[in-house]
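# A closer look at the structure
Okay, here's what each chain looks like letter by letter:
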Amino acid sequence: EHELAEASRTMTAVIVVDLDGFRDLNDTHGHEIGDGLLRAAADRLAANVRANDVVARLDGDEFVVLLPGLEDEQAAIAVAERVLTELHRPLEVDGITMIVRASAGVALTAGGVGIDHVLREADQALHRAKLDGGGAVRRFDPELFALEEQRRKAEGDIIRALDLGEFEVHYQPIVDLDGEHTVGVEALIRWQHPEKGLVPPGLFLELAEQLGLLPRLGGWVLEEACRQAVNWQRQFPGFEMNVNLSASQLSNPNLVAEVRAVLERTGLEPEHLVLELTESVALVDLEESARILSELKDLGVRIALDDFGTGFSSLSHLSALPVDVVKIDRSFVQAMPESGGASVAEAVLHIARTFNLAPVAEGVEDAAQAEWLRDLACSRAQGYHFAKPMPALGVTELLDK
Ligand code: C2E
Ligand code: CA
Ligand code: CA
Ligand code: CA
């Protein structure tokens, strides 16, 4: 500790070295990276740096080398590479020949930063080296470090928000275009952040998905939405609940069992639940998706293909998937032709009819678009023109009217 603090006053380069693993050349089993091996590795390290450099053991099988006065990053990397090469040569430990493999991370101090900070930077570089397969040197990358820090923070925030119950479900009405009355809703997640206010899913869902949190988060949305749907059916029998599924939810082997359990717990009739997934999610593994979707359909729930028309799926994909509903992406609805020309929306509606799928137009923002869709015999729609996503209470009031 003392030596570290002393050396950090002047040092400019830091190398952290970590043993990835070892092999026992005499083939006597039962060895661990024990004290003998660690001592031999430390000696090897010390023998390959200058006399005034400091070699110290961090925790476990991690070492740190401090190189005072070495200001050149290239030179520091060269030292680290030489040190690894030397470490990779056979080591004698208690009469047994061992081969170790090690990784190293290099960082340079800038004026005034403490040893802890530089060590964390070197550690991040070491982590990179290991991620890349180990046995090599990586240098600290400030941009990557900032990104990783940001991600770690966001990850913590999301997990905390889940525990604190900061997520909410809002609901956007789906209307019958004939009478423009609400026949169901789509459940859309929101994050009620204590400082940032209401955060839309575009800002956190992708990260949550990458972090593997969507099965938990999405499961919670599903249960919450089904519970609400049962209430709203007292006001409007036949009321439908649409819930989005992410890629990781679809690939979760427990999905079908979980959906069944939620239906049982909440008492929602399965025919009133529509599960939405995008083409891109379904196409990750078409055969597997088709299998899971038909299991879901065996439960009695219906399946909607979301953002329809934006993926690159061919019609053969569409016929391979057991789908009941297509949601026509808002980009096509908003590209309504100025003067009665043909449109992608018409083509999509035609496809829907051919495959006997119920169409729902998304993103209807004005009366003209609603009228046009009505003329095209699209029976259902959703969009700001009718209603924006709202808290549950808003839907209750809407159905009371
Ligand atoms: P989506 O499934 O396509 O949902 C429709 C999105 O369009 C919603 O955005 C909705 O607020 C927005 N929208 C509705 N009407 C209009 C309109 O007239 N004009 C415009 N410009 N936008 C309209 P939101 O709530 O921000 O959700 C974005 C996406 O996040 C959703 O797109 C969906 O893919 C995903 N998402 C939301 N909640 C969940 C969830 O609980 N689970 C999963 N897996 N995904 C969700
Ligand atoms: Ca190790
Ligand atoms: Ca959707
Ligand atoms: Ca959509």
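For the structure given in this document, a descriptive report is provided here. Just so it is clear, the model here is predicted, and its values are computed rather than measured.

Scoring rules and cut-offs
Residues numbered from 1 in each chain as written. Chains lettered and ligands numbered in written order. Predicted model: local features only at pLDDT ≥ 70, side-chain atom pairs only at ≥ 80, totals over all residues. Heavy atoms only, no water. Donors = N, O, S within 2.8 Å, 3.2 Å for Na, K, Ca; no water. Helix = DSSP H or I, 4+ residues; strand = E, 2+ residues; numbered from the N terminus. Buried < 20%, exposed > 50% of the residue type's maximum accessible area, 1.4 Å probe, protein only. Near = heavy atom within 4 Å. Polar contact = N/O pair within 3.5 Å; in protein donor to acceptor, adjacent residues only side chain to side chain. Areas by Shrake-Rupley, 256 points an atom, 1.4 Å probe, with all protein chains shown as cover. 1 Å grid on protein atoms, 1.4 Å probe; cavity = no way out; pocket = protein on both sides within 12 Å on 5 of 7 lines; lining within 4 Å. Sits in = over half its atoms within 2 Å of the grid points. Nonpolar A, V, L, I, M, F, W, Y, C, P; charged D, E, K, R; others polar. Axes fitted to C-alpha atoms, helices over the stretch in contact; angles between N-to-C directions. Parallel < 35°, antiparallel > 145°, perpendicular 65-115°, else oblique. Left-handed = near helix turned anticlockwise from the far one by under 90°. Contact = heavy atoms within 4.5 Å.

On to the coordination of the calcium ion (ligand 2). Around the calcium ion (ligand 2), the donor atoms from the protein are Asp18 (OD), Leu19 (O), Asp61 (OD) and Asp61 (OD), and they sit 2.3 to 2.8 Å away. In primary-sequence terms, the residues that donate to the calcium ion (ligand 2) follow D-L-x41-D. Separated by 43 residues along the polypeptide, Asp18 in strand E1 (residues 11-24) and Asp61 in the loop between strand E2 (54-57) and strand E3 (62-68) bring together distant segments of the chain. Residue Asp61 is classed as partly exposed on the basis of its relative accessible area, which comes to 22%.

Before going further, it helps to spend a moment on the site of ligand 1. If you check the shell around ligand 1, you find 24 residues, and the closest are Gln172, Arg190, Asp306, Glu365 and Tyr384. In this structure, a nitrogen atom belonging to ligand 1 sits 3.0 Å away from a side-chain N or O atom of Gln172. A distance of 2.8 Å separates an oxygen atom of ligand 1 from a polar backbone atom of Tyr384. Across the complex, the protein chains shield 81% of the 810 Å² of accessible surface that ligand 1 would expose by itself. Given that more than half its atoms are within 2 Å of the pocket grid, ligand 1 belongs to the largest pocket. Residue assignment for the shell around ligand 1 shows that the elements contributing at least two residues are strand E8 (181-193), helix H7 (214-235), strand E12 (302-308) and helix H13 (330-334). When residues in the shell around ligand 1 are grouped by element, the largest group, four residues, is from E8. Among the residues making up the shell around ligand 1, the classes are represented as 10 nonpolar, seven polar and seven charged.

Below, the discussion takes up the packing of helix H9 (residues 255-266) against helix H11 (residues 286-299). For the pair H9 and H11, the least separation of the axes is 10 Å and the interaxial angle reads 20°. In terms of their interaxial angle, H9 and H11 are classed as roughly parallel. Considering how the two elements wind past one another, H9 and H11 form a crossing that is right-handed. Contacts between H9 and H11 pair Leu255, Val256, Val259 and Arg260 from the former with Ile292, Glu295, Leu296 and Leu299 from the latter.

Ideal geometry at a metal centre: 109.5 degrees between donors when four sit tetrahedrally, and 90 or 180 degrees when six sit octahedrally. Taken together, Asp306 (OD), Asp307 (OD), Glu362 (OE) and Glu362 (OE) make up the protein donors of the calcium ion (ligand 4), found 2.2 to 2.4 Å from the metal. Mapping the donors of the calcium ion (ligand 4) onto the primary sequence yields the spacing D-D-x54-E. The metal-metal distance between the calcium ion (ligand 4) and the calcium ion (ligand 3) is 4.0 Å, with Asp306 serving as a donor to both. Pair noted here: Asp306 is in strand E12 and Glu362 is in the loop between strand E14 (358-361) and helix H15 (367-375), with a separation of 56 residues, a long-range link. Assessed through its relative accessible area of 7%, Asp306 is described here as buried.

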